[in-house]
Amino acid sequence: AAAAELLEQLRCKIGPKSKQVNNAEAASTAPNQAQCTASGARVVERSPHDPPASWWKTRSKDKGVATSFLGWRVVKRFNGKSYHGTIDGFDEDEAWYHVTFDDNDQEEVDLNEILSISKRRYFLSKQIPVLCQLDDDNILTEKVLGCTFSHRAAALFKRRRKWSLRQREISAVRITSQVPHAQDLRNVRDAVMAYLVSLGVDVGVSLAYGVPINFPREAPSHRSVEQYTVDSSDARVSLRGEFGCRATDIIPANTVIGVYTGHCFFNDEMFAMIEMMIAPTDGVSRLKAERDVESGIQEFTRFNRQSKRFDGPAAGKGELLMVSSFGDDQGVCGRINDALVDVYDSNELVDDGYNVICVEAELQGWPFLFVCTTRDVRAGSDLRMDYTGYYWERIGEMKRRLDFVQL
């Protein structure tokens, strides 16, 4: 229900865009805008002027779409008293949001203030989203959607971001990976955008007007997932006692669980990363460190494949961009396990099989991995993802090397 509500927010049309909106104008446009009940539930009234369902494919201003936050309720404290209002407009030239309060007072505020005064029920986290400061020369100290960067990955991030903003044909949100036939690409895209809105990202204004995405620093996981320790009775013997990820409540199909967070780096930087994070003292500890880092790695497959022929700034030279969840204590997506009973010697799956996939999506030219459910997940069910045979061959080889050295 929460995902459906967020998706409905994405498809609402914009109200008055001018910074100077008087009460009469606001009243005349009110019937065509998303209204809010006293409880905060939104009631959307459609009109012939509403944008089509595929409005995110265009950035034309005449579509009247500017913000995902239209209709959101806000509350602001002043002189010890709370004032409630509704976001009902956006000025794309000045990047101001227009708020009309219930007492007919009006105000224009920026995105940071919108996030701080919006009702908490819209956000996955109970904390106010904190935006990244990506205009600085150095983003190495910044987290972007829960991910950190090596020096080279950070430099590429900045180049890609600046380049994508100059390319009119580059969408702010683009799903680049393939999805199973049973799962519609549009549903996956909607799920990713609804998740971003729940983090305080104004997807609508970025898609409609090319305004840079305001990336949050953190990427909280879905409120209905938790990390746990795999039980000793689990059919997957090799996972007993290890961490896993499960649902605490029913999670509908096509729901983004979270971002696969961790450290972004290039493949030839892995050993430097190991030295920096672990500082192994001998050969055995180094091999263990390699195994631990490798086990948490996910490659940006589509991005790496396209970068070889990309006209803009890309990895190049055969380098592979990847992310490792090793050492990331905040994200739970890196704790999701495979459904194989024996990952090294069997194709047998546990009863329910797989229920989530890893979706690669570019946000203004930079890839992130989103974990999305492929079907309804029952409360208490383990989240399981197909890591592919190539992944387990690589981990198996690391295991054989370690076993040999320890003989």
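Residues numbered from 1 in each chain as written. Predicted model: local features only at pLDDT ≥ 70, side-chain atom pairs only at ≥ 80, totals over all residues. Heavy atoms only, no water.

## Quick notes on the confidence of the model for the chain
Our working definition: The pLDDT value tells you how sure the predictor is about a given residue, anywhere from 0 up to 100. Secondary structure counts use DSSP, requiring at least four H or I residues in a row for a helix and at least two E residues in a row for a strand, with both numbered from the N terminus. Pairs of residues are marked as contacts when any of their non-hydrogen atoms sit within 4.5 Å.
Overall, the predicted model of the chain reaches an average pLDDT of 77, with 76% of residues at or above 70. Element-level pLDDT for the chain is lowest in strand β2 (residues 42-43), with a mean of 32, against a maximum mean of 95 in strand β11 (residues 256-259). Scored below 50 in pLDDT, residues 10-64 makes 113 contacts in the model with residues more than four places away or belonging to other chains.

## A few points about the sheet that holds strand β4 (residues 81-91)
Stated formally: When DSSP locates at least two bridges between a pair of strands, those strands are taken to pair. Note on geometry: axes are C-alpha line fits, over the in-contact stretch for helices, and angles between N-to-C directions span 0 to 180 degrees.
Here 4 strands make up an open sheet; going across it, the order is β3-β4-β5-β6 and the pairing antiparallel. This sheet does not close on itself; its edge strands, each paired only once, are β3 (73-78) and β6 (106-109). Ignoring strand direction, the axes of neighbouring strands in this sheet form an average angle of 40°. As defined by bridge partners, strand β5 (residues 96-101) adjoins β6 across 4 bridges and the pair is classed as antiparallel. Its bridge partner being in β6, Val 99 is matched across the sheet by Glu 107.

## Observations concerning the side chain of Thr 176
This is how the line gets drawn: Accessibility here uses a 1.4 Å probe with only protein chains present; expressed as a share of the type maximum, an area under 20% marks a residue as buried, one over 50% as exposed, and anything in between as partly exposed.
In this fold, Thr 176 is placed in the loop between β8 (173-175) and α5 (185-198). Exposure remark for Thr 176: the relative accessible area of 8% places this residue in the buried category. Those residues in contact with Thr 176, other than ones at most four positions away along the chain, are Arg 302, Glu 360, Ala 361 and Glu 362.

## A look at helix α8 (residues 283-295)
It helps to recall that an α-helix has 3.6 residues per turn; residues three or four apart then point in one direction. Our working definition: Residue count minus one, scaled by 1.5 Å, sets the expected span of a helix. To obtain the arc, one takes the directions from the helix axis to the C-beta atoms.
With 13 residues, α8 extends 18 Å between its outermost C-alpha atoms, agreeing within 8% with the 18 Å of an ideal straight helix rising 1.5 Å per residue. Listed in full, the buried residues belonging to α8 are Leu 287, Ala 289, Glu 290, Val 293 and Glu 294. Considered in projection along α8, the buried side chains sweep an arc of 160° and stay on one side of the axis.

## Brief notes about the sheet that holds strand β7 (residues 148-149)
The pairing of strands in a sheet comes from backbone hydrogen bonds and takes either a parallel or an antiparallel form. Judged by pairing direction, the sheet is mixed, and its 4 strands sit side by side in the order β7-β12-β14-β13 without closing on themselves. This sheet does not close on itself; its edge strands, each paired only once, are β7 and β13 (297-299). Of the pairings in the sheet, the one linking β7 to strand β12 (residues 263-266) comprises 2 bridges and is parallel in character. Note on β12: the bridge partner recorded for Thr 148 is His 263.

## A closer look at the pairing of strand β14 (residues 321-324)
Here β14 shows no split at all, with Leu 321 and Val 323 on one side and Met 322 and Ser 324 on the other all buried. Summarising the sheet, β12 and β14 pair through 4 bridges and their orientation is antiparallel. In the strand pairing of β14, His 263 is matched with Ser 324. Two elements, β13 and β14, share 3 bridges in a ladder whose sense is antiparallel. Paired with Gln 298 across the two strands is Val 323, which belongs to β14.

## Describing the nonpolar core
Let me state the cut-off plainly: Buried residues of nine kinds, namely Ala, Val, Leu, Ile, Met, Phe, Trp, Tyr and Cys, make up a nonpolar core once their side-chain atoms join them within 4.5 Å.
Phe 215, Phe 368 and Phe 370 are the most contacted members of the largest nonpolar core, which has 84 residues in total. Discounting residues that sit within four places of it in the chain, Phe 370 has contacts with Val 192, Tyr 195, Leu 196, Val 256, Gly 258, Val 259, Ile 357, Cys 358, Val 359, Ala 361 and Leu 363. Listed in part, the 8 residues of the second largest apolar core include Phe 265, Met 273, Val 293 and Ile 297.

## Re the environment of Tyr 344
Examined against the element boundaries, Tyr 344 turns out to sit in the loop between β14 and β15 (356-363). Given a relative accessible area of 40%, Tyr 344 falls into the partly exposed group. Each C-alpha atom, one on Tyr 344 and one on Ser 238, is 9.5 Å from the other, the two residues being 106 residues apart in sequence.

## Regarding unusual backbone geometry
Despite not being glycine, Asn 254 has its phi angle at roughly 60°, a positive value. Inspection of the secondary structure assignment puts Asn 254 in the loop between β10 (243-247) and β11. One non-glycine residue, Gln 364, lies in the positive phi region at around 50°. Along the chain, the position of Gln 364 falls in the loop between β15 and β16 (366-373).

## Some words on the packing of aromatic side chains
What counts here: Any two rings among Phe, Tyr and Trp, with Trp reduced to its six-membered ring, count as a pair given centres within 6.5 Å; such a pair is stacked if its planes are under 30 degrees apart, edge-to-face if over 60, and tilted if neither.
Throughout the structure, instances matching the rule amount to 15 aromatic pairs. Aromatic pair Phe 157 and Trp 366: ring centres 5.2 Å apart, planes at 65°, arrangement edge-to-face. On the criterion of sequence distance, the pair formed by Phe 157 in helix α4 (residues 151-166) and Trp 366 in strand β16 is long-range, its members being 209 residues apart. For Phe 157, a relative accessible area of 2% translates into the label buried.

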